[in-house]
Structure formats: structure tokens, C-alpha cells
Amino acid sequence: MNETKRIVIVGGGITGLTAAYYLQKEIKENNLPYEVKLVEASDRLGGKIKTVRQDGYTIERGPDSFLSRKQPAVKLAEELGMTDQLVRNGTGQSYILVNNKLHKMPKGAFMGIPVQVRPFLFSGIFSPKGKLRAGFDFVIPKSKKGSDQSLGVFFRRRFGNELVENLIEPLLSGIYAGNIDDMSLMATFPNFYQLEQEHRSLIKGLQKTTPKKKKSTGKKPGMFFSFINGFESMIHTLENSLDEGVVSLNTSVDHVEKKDQDYHLLLSSGEVYKADAIVMATPHYTLPKVFSQYDMFNEFHDIPATSVANVALAFDQSAIKKGIDGTGFVVSRNSDFRITACTWTHKKWPQSTPEGKALLRCYVGRPTDQSIVDFSDEEIIEIVLNDLNKTMNITQKPEFSVITRWQNAMPQYTVGHKERIAKVRDEASRELPGLFLSGSSYEGIGVPDCIGQGEKAVADVLEYLRG
Ligand code: FAD
């Protein structure tokens, strides 16, 4: 008799939802004898993707966009019939705050690494000595083959401290809310390692591999996509595409045991659910708890996770006496600021803000300033406004604010991350076959990376169940 096989997805963030979506699709299209269940601890789906729509504003509490060149997200939007809801960011000058002064971001750079040399030579961000040191990139030998190193070590060796601290660090560490001197090169930006291996100089490598821009008179399109009704609209569409009974909200998976051929999942409801395969799409730190009898997951105690708070402030445009013509700025650590970045959301995403209003979205919570995330709303707003007033002149209090604290939300891919994950996966495949780990803790924190991992988990589960 052909019994129905049960697949449980634990965690209803974008990773788990993607896995549920593609699994359901495969089952229907190929008439597979499988059943999917998605178990989510909280009372809603989406995890870190959360949108507030208030007084005509669309405010993202978590991610606000994704890189348009990253295929898995674009593909999923197409699958869901949402391409007509994708909007590109408005482009404009972006800035960097160095030594407490706002500078225009030098043109012709990729992640802070010069592709065109001229704008760097003329930029006020670096001293003549710093510029000279960055030029050593042309002659410094490549790194030893194969071994991991921190982004800090890698870039400081190639370009010196100044280029790193005044430009590369604020851009790169902002993405991961991490410390560049701890972050793994191989797990975050392996493309720079490849470039160095192939061309020795990163500048030369980028010059050779960056596609030449076609001459055009029009404004260049933005590199990011968002959804016209907010990121969470993608979550709602995914949720609506799942059959009734697939999703269980307010239910956490507290413990899992392997029993002969299947798994027994102890749910917070007290129910024991049996499964043939499991996709764990939760943050990594849930694994040592849920699989407490397996030492292999103790490895995950070595993956830190940092906290950040996102502060959205809505103003009448008249409140901003001295504005800045641009889309936002990031802050270098040598500036006496506690915000790490600020987006002029009304300029970057005009559809998010009513006419005549301004929406500023800032982040606080550097790895060395984690305690700020626990401050009261009033304290955080005061600190943020104080910082903003150093670069702008804001004369009134915000009309309203939305503060979102994300505790331990940013997994840190520290040096050796890839090996750590590979080791756990290898042990899990032997001791716990049919268990798959997927999501932002493992192979990329960006939403498209998470979607890609959800898709990969589906392929892995199907291959496993086919036997
Ligand atoms: P999560 O969203 O964390 O989902 C995991 C789910 O598992 C949660 O819903 C949780 O409740 C559930 N869960 C946990 N334990 C259990 C359990 N035992 N049983 C059942 N359920 C459980 N990426 C971009 O591409 N662009 C951006 O602009 C961007 N900005 C960001 C801004 C912020 C503030 C943050 C925090 C992240 C940002 N990211 C961005 C990264 C991206 O949003 C996340 O990496 C991604 O959304 C994570 O998705 P996930 O499904 O892997 O995990």
C-alpha cells in the first residue's frame, strides 16, 4: 500500500513559506502521495517581513526591498502573479557620513571598492595617504588559496584601513549588522575572493568584469525591488495560495525525536505529529533546543546573532528645514553617531509616503552598541533625532513613529561559517536523514537567498522521499 508521506516545515518566515509553496505545487502537478504542514510559533506568517500601513504610509518594519538581479525572488513574484506590483527604488545621490561630515558617495564603486579610479582620487573621504595606500591593491599578492579570513583582514590588506573604515565597512557591515573584522569572506562575499584569485587586484578584476554601461540619456533604473503595497503583500499572497489546513499558527515545535523510520514532533499544543521529512526554517539557535539530545547542534552556539532596531519617523515636509537632496546615508564608525544608516524613504520609495510628507527610516544597534535596542521608544527617538539634526535641520517632532526591535535577528556569518554549517549538515544527514536546514542562518540572509534556500529544501525533500 502506498502510504501518504508527511513533510513538516517548521517556521513560517519567507524561507518556510517558499518551501511550502513549491512543495504544494510539486505535489499537485505530479500527483505525489505527500502531505505538507507548516508550523509557525507566532500568530502570523512572514517572520521578519512585516509591513505597517498607516495614515497613507507604507512602513517596513523589516526588509524594505530586494536586489532585482537576484532571481529567486523575481521568480517567486512571477509565480505568485505579482510582477505588476513590483516597484523599483527611486535613484538619487546617496551619502556617507565620515568623521561627522556628510560626503557624496563616490561614483564608480562596487560595495565601496573602486571600479573607476578618478572619483576616488577626487573624493574628500580619504586623505592623500589613504588614497595612496588603496592603490597598493594593484601590486599586493593574492590570498592563500582556499582558506577563510575575515572581511576586515582581507580588505585592510588590499586597501589599507582608511578605505575600509570610511567606505567599505559602513556599506558591508550594514547588510549583516555585523563586525567586518569577524565576518567570513567566504560566507558573505566569496565573489571578492574569486576576483582576487583570478585578477590579483580587486580594482582591475572589477574593471574587467563589470559590464560597461550603455550610454543613455535617461535616469538609470534602481537596483532594488519592493512591492507597491509593502513587502508583506507577498506573504499574504503566499499564505492565500496554500490549501486550507496546511498552516498551523500559534504552534511551536518544541522537541523532535527520531523513531525508527519517522520523526515525532512535539508541538506546543501537546500534540505529537509524525513526519517523514522535516524542513527546519527557523533561526539556527532553535535547533540545539528542539533537538536537545543531539550534540551536533551545539555547534550553533558558536553562531552569534545581533539585534537592531528600526526607527521610522513620519514628518510633514515643512518640519525639515534643511533637507538633503538624496536617498539616504550610511554612517562610518569614526563618526560620533549612534544611528548606523538613514533612508529618506519618501525619496527612495515615493509610493510609501503621502504627498507633502517625509518618512525617515533609521537603524540603531551596532555590534558595539547593542544595549540601545532595549532603550524605551522615547529614548531611542531622542537619540535618533539628535543624530539627524546634526546633518539636517528638523524643527518639529515627528507626526508619529514606528519602532521595531529585532532581537537576535541578524545571524552572524563569522570566519569558518561555511565549514561549521557543512559539518552539522553532514552529521545530520547521517544521524537524522530527511532533516533539512534552511533559511537566513545558513546560506545568505537576503530575502532572495532565503527564497532560494526554500526552493532548494523542496528539491532535497523530494529527492530524499523518492529514495
Ligand atoms: P524568519 O523570518 O526569522 O522566520 C522564521 C520563523 O520561524 C519565524 O516566523 C518564527 O516565529 C518561526 N519559529 C521559530 N522557532 C520556531 C519553532 N520552534 N516552531 C515553529 N516556528 C518557529 N533582506 C533583504 O533582502 N533586504 C532587506 O532590505 C533586508 N532588511 C532587513 C531588515 C531587518 C531589520 C532584518 C531583521 C532583516 C532584513 N533582511 C533583509 C534579511 C531578511 O529579512 C531575513 O533574512 C529573512 O526575512 C529571514 O527569513 P527566514 O524565513 O529565514 O526567517
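All values derive from a computational prediction rather than experimental measurement.

About the criteria used
Residues numbered from 1 in each chain as written. Predicted model: local features only at pLDDT ≥ 70, side-chain atom pairs only at ≥ 80, totals over all residues. Heavy atoms only, no water. Pairing = 2+ DSSP bridges. Helix = DSSP H or I, 4+ residues; strand = E, 2+ residues; numbered from the N terminus. Axes fitted to C-alpha atoms, helices over the stretch in contact; angles between N-to-C directions. 1 Å grid on protein atoms, 1.4 Å probe; cavity = no way out; pocket = protein on both sides within 12 Å on 5 of 7 lines; lining within 4 Å. Points joined across faces, edges and corners; volume = space filled by probe spheres on them. Nonpolar A, V, L, I, M, F, W, Y, C, P; charged D, E, K, R; others polar. Phe/Tyr/Trp six-rings, centres within 6.5 Å; stacked < 30°, edge-to-face > 60°. Buried < 20%, exposed > 50% of the residue type's maximum accessible area, 1.4 Å probe, protein only. Lys NZ or Arg CZ within 6 Å of the ring centre and 35° of its normal.

Caption draft 1: Seen up close, the sheet that holds strand β21 (residues 357-364). Strand order in this open sheet of seven strands is β8-β7-β19-β20-β21-β17-β23, and the pairing throughout is mixed. Strands at the two margins of the open sheet, each flanked by one partner only, are β8 (101-104) and β23 (400-411). Across the sheet, the axes of successive neighbouring strands diverge by a mean angle of 20 degrees, strand direction being ignored. In the sheet, strand β7 (residues 94-98) pairs with strand β19 (residues 328-331) via four bridges, with the strands oriented parallel.

Caption draft 2: Looking closely at the layout of surface pockets. Approximately 270 Å³ is the volume attributed to the second largest pocket. In terms of lining, the second largest pocket is formed by 17 residues, of which the most central are Arg 425, Leu 435, Phe 436, Leu 437 and Asp 460. The greatest single-element share of the lining of the second largest pocket, amounting to six residues, is contributed by helix α15 (residues 447-466). For the lining of the second largest pocket, a count of residues per class yields seven nonpolar, six polar and four charged.

Caption draft 3: Structural context of the packing of aromatic side chains. Per the counting criterion, the structure on display carries 21 aromatic pairs. Here Phe 120 and Phe 126 contribute two aromatic rings whose centre-to-centre distance is 5.9 Å and whose plane-to-plane angle is 15 degrees, an arrangement assigned as stacked. Neither Phe 120 nor Phe 126 differs from the other in exposure class; each is buried. Relative to Tyr 413, the ring of Tyr 176 has its centre 5.8 Å away and its plane inclined at 55 degrees; by these criteria the two rings are tilted. Of this pair, Tyr 176 sits in helix α6 (residues 161-176) while Tyr 413 sits in the loop between β23 and α14 (417-431), and the two are 237 residues apart along the sequence. Across the pair, Tyr 413 and Tyr 176 agree in class, each one buried. The positively charged end of Arg 6 is found above the aromatic ring belonging to Tyr 273, 4.3 Å away from the centroid. When the ring centre of Phe 224 is taken as reference, the NZ or CZ atom of Lys 348 above it lies at 5.0 Å.

Caption draft 4: Representation of the sheet that holds strand β5 (residues 66-67) in the model. Ordered by their spatial adjacency, three strands build an open sheet running β5-β11-β6, and the pairing between neighbours is antiparallel. Lying at the two open borders of the sheet, with one neighbouring strand each, are β5 and β6 (86-88). In this sheet, strand β11 (residues 224-227) lies alongside β6 in antiparallel orientation, the contact comprising three bridges. Directly across from Leu 86, in β11, lies its bridge partner Phe 227.

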